[in-house]
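Here are the chains, one letter per residue:
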Amino acid sequence: MAVIQGGSYGPGDSFPDGTVFIGCTFYSSCTFGDGCVFIDCNLVKKKKTPHSVGNGASMSGGFVENTVFGDGGTEQEGEAITRQGPPMQG
């Protein structure tokens, strides 16, 4: 499991399953594997293509914009809330 703390990423970056992000900013579109954890991160729109987050993501704090969670393809925007478990759906 990789831990990435701070910094700005994207557009176009990809991250593997189970990566933990702390205090990062991502500009769309980035792709994240299953089970990623976001703590005080911002997923921000820079391009029309949304971010893609795999199943089982956990988020606490931060901001979400132009982001699709899980296989269901549900897009979510707004302040991130603490969420753990099955795929996030907006």
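Here's a quick rundown of the structure. The numbering scheme is per chain: residues are counted from 1 as the chain's sequence reads. Only residues with pLDDT of at least 70 get local features here, since the model is predicted, and only at 80 or more are side-chain atom pairs given and counted; chain-wide, interface and lining totals rely on the full set of residues. Calculation of side-chain values draws on the structure's entire complement of heavy atoms; hydrogens and water are dropped beforehand.

The subject of this paragraph is the overall build of the chain. Secondary structure assignment for the chain yields 0 helices and 12 strands. Where helices and strands are cited, they refer to DSSP runs of H or I of at least four residues and of E of at least two residues respectively, numbered from the N terminus. The secondary structure elements of the chain, listed N-terminal to C-terminal, are β-β-β-β-β-β-β-β-β-β-β-β. The buried label applies to any residue whose accessible area, calculated with a 1.4 Å probe on protein chains only, is under 20% of its type's maximum; exposed applies above 50%, and partly exposed to all values in between. Scored against the burial criterion, the 90 residues of the chain give a buried share of 36%. All accessible-area figures derive from a Shrake-Rupley calculation using a 1.4 Å probe, and residue coverage is judged against the displayed protein chains alone. Of the roughly 4,600 Å² of accessible surface on the chain, 48% is carried by carbon and sulfur atoms.

What follows concerns the nonpolar core. Nonpolar cores are built from buried Ala, Val, Leu, Ile, Met, Phe, Trp, Tyr and Cys residues. Side-chain atoms within 4.5 Å join them into one set. Of all hydrophobic cores here, the largest spans 15 residues; its most connected members are Phe21, Phe26, Phe32, Phe38, Leu43 and Val53. Each residue touching Phe26, except ones within four places of it in the same chain, is listed here: Tyr9, Phe15, Phe21, Phe32, Phe38, Cys41, Asn42, Leu43, Val44 and His51. The criterion used for residue contact is that any of the two residues' heavy atoms lie within 4.5 Å.

Let us look at the sheet that holds strand β7 (residues 37-39). At least two DSSP bridges between two strands are required for those strands to pair. Spatial ordering of the open sheet is given by β1-β4-β7-β10, a layout of 4 strands whose pairing is parallel. Since the sheet does not close on itself, it has two edges, and those belong to β1 (3-5) and β10 (58-60), each with one partner. The sheet shows a mean angle of 10 degrees between the axes of neighbouring strands, direction not considered. Two strands pair when backbone bridges link them, and β1 and strand β4 (residues 20-22) are joined in this way by 3 bridges, in the parallel orientation. Directly across from Gln5, in β4, lies its bridge partner Ile22. Axis angles are defined between N-to-C directions and span 0 to 180 degrees, where every axis is a line fitted to C-alpha atoms and, for a helix, only to the segment in contact.

Tracing the backbone through its elements, the reader meets Thr25 in strand β5 (residues 25-27). The residues touching Thr25, leaving out its near neighbours within four places in the chain, are Gly7, Ser8, Tyr9, Asn42 and Val44.

Along the chain, Ile22 turns up in strand β4. On the accessibility criterion, Ile22 (27% relative accessible area) is partly exposed. Separated by 15 residues in sequence, Ile22 and Gly7 have C-alpha atoms that sit 9.2 Å apart. The contacts of Ile22, once residues within four sequence positions are left out, are Val3, Ile4, Gln5, Gly6, Ile39 and Cys41.

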